[in-house]
Number of protein chains: 2
Amino acid sequence: MEVSPRDGLQNEAVPVPTADKLALIDTLVSSGLRRIEATSFVNPRRVPQLADAEEVAARLPRGRVSWIGLVLNERGLDRAIAAGMDEVNVVVVATDTFSRRNQGVDTAGGIAAWHRIAERARAAGLRTTVSVAAAFGCPFEGEVTTDRVREVIASCATARPDELALADTIGVGVPAQVRALAAAAAAEAPGVPLRWHFHNTRNTGYANALTAADLAGDHPVALDSSAGGIGGCPFAPNATGNIATEDLLYLLGRSGYETGVDVAGLLPLGARLGGLLGHEVPGQLRRAGVFPGAQP
Amino acid sequence: MEVSPRDGLQNEAVPVPTADKLALIDTLVSSGLRRIEATSFVNPRRVPQLADAEEVAARLPRGRVSWIGLVLNERGLDRAIAAGMDEVNVVVVATDTFSRRNQGVDTAGGIAAWHRIAERARAAGLRTTVSVAAAFGCPFEGEVTTDRVREVIASCATARPDELALADTIGVGVPAQVRALAAAAAAEAPGVPLRWHFHNTRNTGYANALTAADLAGDHPVALDSSAGGIGGCPFAPNATGNIATEDLLYLLGRSGYETGVDVAGLLPLGARLGGLLGHEVPGQLRRAGVFPGAQP
């Protein structure tokens, strides 16, 4: 799942014009990405970068791609439905402190909102994906135990998500945690496809992603990534840097996975995003070059 | 094995004063690092940054640390012995083209030099460690097969190295290659302790390092890393970025490994090296901060 248009951009100080967002999205689609988190239907005063959600949604190329909008409450769901999104991604934060800062309710309140949203989204014909944020650690509370995440997963699972995501929102996780959380998810949400969201804040994101892919075996699994590695959460200190889509594709392709995505088509995005945002972006493949045999 | 004073610095354009190298080394030692590649005894015209090898060696704090010097030929060995090094690290490049560019002989010539050096170094009481460079891919020849590396390992092993290193000199490798090469080494150099050298050029270095550590089980294993993630090879295009010592320690510590190194003591090095070298260095932990529970 490509997240650059939403998680990638939301924390950037420089406003990105809607036309540039749509040009980014066009490149993502033409390179073969088929699930894209296009925008966020949250309070535009809190995330002004994504205040153009409806305008972006209205101009998305429909058909080949499943378009995803982040929502945190029913007001956001109403907007996502009206905008014709294919999926809603609902965030439940695993710790109370971070949950309150991110969305004004504690974890239980977030889970309750997810249940209301899931029911109404399903009735409206949208796929639902619930993301457990701070599942690998919290910037305010520190360690988050596997048992805590297990309880959150169990409470989320009763609303029957089409997909469950486990997110290392602040980039502290390691592969051992991926294995522990995968086991927790298998126990508490059996049969629900997993998605993983990693930041490379401390250089562990790619190891985590490959671990998650390898663990999946024949089961469906999705990995979030962001072209150029842009991204971060405005309410999580130092949470910079999603894993970069092009670097992830290099790793997966060279590890024997078929991704169906044209890495070469994505490489120009790093420089383009760097220009738009006014700073270098962290993805490294475009600087190093694709090595022979790495094309997935 | 800490490589910042040698592999880290050798490719840097700005000359680093000897006193600053020794200050770097002091911080490495006081943080608990116990094997340090201090310098290189190669032609100073080819690597002017390390032309002060004898001066650095003369002022190393002796006793607690095994001091390593890189050598490529017998002239270099003579200098390393005279300088009182504890170990010599000898590089054999797995591909002929890269070997000729790096040290003026093909792979067979490099292996022959290694045999001569190993015999004399052992006679002089020095530990020997042979590093097979470009074992994961070559900037000139492209893919390097496991069979090719297996042959190089076999030819190196007959000289009875105290340690065998497999180096991803240009940062193209993935964990599947680590597993394949570990199996090749176990077959061709049974009982010889392994060391691994990874660059993070394409964001795969940390995944490779953790894979190598996990594979070792109860066997001894060493990992090369460089404070701040500085480094690169002057004769390999785009080979920037060893894995950063502090980021590696974070990953290992949080994965349950005891390293005996004080990560907090290393964090100031990133900014200090950035100042010395005139550019940001790639290690990320110092920017993100050590997360609770990550102290090894």
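Quick summary incoming for the structure in this document. All values reported here derive from a predicted model rather than from experimental measurement. (Residues numbered from 1 in each chain as written. Chains lettered and ligands numbered in written order. Predicted model: local features only at pLDDT ≥ 70, side-chain atom pairs only at ≥ 80, totals over all residues. Heavy atoms only, no water.)

## Re the overall build of chain A
Selection criterion: Counting from the N terminus, the helices are the DSSP runs of H or I reaching at least four residues and the strands are the DSSP runs of E reaching at least two. Within these notes, the globule rule equals 2.2 Å times the number of residues to the 0.38 power, and the radius of gyration is based on C-alpha atoms. Between buried and exposed lies partly exposed: a residue is buried under 20% and exposed over 50% of the maximum accessible area for its type, with that area taken using a 1.4 Å probe on protein chains only. Should any heavy atoms of two residues lie within 4.5 Å, those residues are counted as being in contact. All accessible-area figures derive from a Shrake-Rupley calculation using a 1.4 Å probe, and residue coverage is judged against the displayed protein chains alone. Charge counting treats Lys and Arg as positive and Asp and Glu as negative, with His and both chain ends excluded. Each charge is placed at NZ for Lys, CZ for Arg, CG for Asp and CD for Glu.
For chain A, the helix and strand inventory stands at 13 helices and seven strands. For 296 residues, the compact-globule estimate of 2.2 N^0.38 gives 19 Å, and chain A sits close to it at 17 Å. Dimensions along the principal axes, computed over C-alpha positions, put chain A at roughly 45 × 40 × 35 Å. Counting only residues that meet the buried cut, chain A has 61% of its 296 residues in that class. Put simply, 74% of the contacts in chain A that link residues at least 6 apart link residues at least 24 apart. Just so you have it, chain A exposes about 10,300 Å², and 52% of that area is on carbon and sulfur atoms. Here chain A holds 27 positive side-chain charges and 32 negative ones, and the gap between their average locations is 3 Å.

## What to know about the sheet that holds strand β2 (residues 66-71) of chain B
All names here are of chain B. The test is simple: Following DSSP output, two strands are said to pair if at least two bridges run between them. Comment: axis = line fitted to C-alpha atoms, over the contacting stretch for helices; angle = value between 0 and 180 degrees taken between N-to-C directions.
Spatial strand order, β1-β2-β3-β4-β5-β6-β7: seven strands in an open sheet with parallel pairing. Strand pairing shows two members of the sheet lacking a second neighbour, β1 (35-40) and β7 (221-223), which therefore form its edges. Between one strand axis and the next, the sheet turns by 25° as a mean value, whatever way the strands run. Pairing geometry for strand β3 (residues 87-93) and strand β4 (residues 127-133), over seven bridges, is parallel. Looking at β4, one finds that valine 93 is bridged to alanine 133.

## Brief notes about the relation of the copies chain A and chain B
The condition is simple: In this comparison the copies share one frame, found by least squares on the C-alpha atoms of residues holding pLDDT of at least 70 in both.
With an RMSD of 0.0 Å, the operation that places chain A on chain B is a rotation of 180° combined with a shift of 0.0 Å along the axis. Accordingly, the operation relating the two chain copies is best matched by a two-fold axis. By C-alpha distance to the rotation axis, the residue of chain A lying nearest is alanine 207 of chain A, at 2.1 Å. The residues that chain A uses at the interface reappear at the interface of chain B in 100% of cases, marking a shared surface.

## Some remarks on the sheet that holds strand β4 (residues 127-133) of chain A
In sheet architecture, strand pairing relies on hydrogen bonds along the backbone and comes in two forms, parallel and antiparallel. All names here are of chain A. The parallel open sheet is built from seven strands, whose spatial order is β1-β2-β3-β4-β5-β6-β7. Looking at strand neighbours, the two that pair on one side only are β1 (35-40) and β7 (221-223), the edges of this open sheet. Along the sheet, successive strands turn relative to each other by an average axial angle of 25°, direction set aside. For β1 and strand β2 (residues 66-71), the ladder comprises five bridges, and the chain directions are parallel. Directly across from threonine 39, in β2, lies its bridge partner glycine 69.

## Examining the nonpolar core
Most often, soluble globular proteins keep nonpolar side chains buried together rather than apart. To keep it simple, the criterion reads: Only buried residues count toward a nonpolar core, which is a set of Ala, Val, Leu, Ile, Met, Phe, Trp, Tyr and Cys residues joined through side-chain atoms within 4.5 Å.
Core analysis: the biggest nonpolar cluster contains 188 residues, and Leu166 and Trp196 of chain A together with Leu166 and Trp196 of chain B have the highest contact counts within it. Setting aside its immediate chain neighbours within four residues, leucine 166 of chain B contacts Val132, Ala135, Phe136, Val149, Ile153, Leu181, Ala185, Leu194, Arg195, Trp196 and His197 of chain B.

## Some points on the interface of chain A and chain B
Test applied: Buried area, as used here, totals the accessible surface that two parts lose on assembly, with accessibility defined by a 1.4 Å probe and the loss added over both. By definition, a salt bridge exists where a carboxyl oxygen of Asp or Glu is found within 4 Å of a side-chain nitrogen of Lys or Arg. Polar contact is the term for a pair of N or O atoms within 3.5 Å; when the atoms are in protein, one must be able to donate a hydrogen and the other to accept it, and sequence-neighboring residues count only if both atoms are side-chain atoms.
Counting from both sides, the interface comprises 35 residues of chain A and, opposite them, 35 residues of chain B. Taken over both partners, the interface formed by chain A and chain B buries close to 2,700 Å², and the fraction arising from carbon and sulfur atoms is 54%. Considering only the surface of chain A that becomes buried against chain B, Arg202, Asn203 and Phe291 of chain A emerge as the three largest contributors, covering 25% of it. Applying the counting criterion to the chain A and chain B interface returns two salt bridges. Here arginine 254 of chain B and glutamate 143 of chain A are joined by a salt bridge, their closest N and O atoms 2.7 Å apart. At the boundary of chain A and chain B, one finds 22 residue pairs in polar contact (both at pLDDT 80 or more).

## Topic: the packing of aromatic side chains
Residues and elements named next belong to chain A. Where we set the bar: For this analysis, a ring pair means two rings from Phe, Tyr or Trp (six-membered ring only for Trp) whose centres lie within 6.5 Å, classed as stacked if their planes differ by under 30 degrees, edge-to-face if by over 60, and tilted for the remaining angles. Definition used: whenever NZ (Lys) or CZ (Arg) falls within 6 Å of the ring centre and also within 35 degrees of the ring normal, the charge is taken to sit over that ring.
Under the criterion given, the structure shown has eight aromatic pairs over all chains. Grouped by ring-pair contacts, the aromatic residues Phe136, Trp196 and Phe198 constitute a single cluster. Over the ring of phenylalanine 140 we find arginine 101, and its NZ or CZ is 4.1 Å from the ring centre.

## Thoughts on the side chain of glutamine 103 of chain A
Residues and elements named next belong to chain A. Position of glutamine 103 relative to the elements: it lies in helix α5 (residues 96-103). Side-chain polar atoms of glutamine 103 contact the backbone oxygen of valine 91, separated by 2.8 Å. Of note is the side chain of glutamine 103, whose polar atom sits 2.8 Å from the side chain of asparagine 102. In this structure, glutamine 103 is in contact with Arg46, Leu72, Val91, Val92 and Val93, ignoring residues within four places of it in sequence.

## Quick word on helix α2 (residues 18-30) of chain A
An α-helix turns once every 3.6 residues. As a result, residues three or four positions apart point the same way. All names here are of chain A. Short version of the rule: For a helix, the expected span equals 1.5 Å multiplied by the number of residues minus one.
Between its first and last C-alpha atoms α2 spans 18 Å; for 13 residues at 1.5 Å apiece the expected length is 18 Å, and the two agree. All buried positions along α2 are accounted for by Thr18, Lys21, Leu22, Leu24, Ile25, Thr27, Leu28 and Val29. Glycine 32 occupies a position one or two residues after α2 and carries a positive phi of about 110°.

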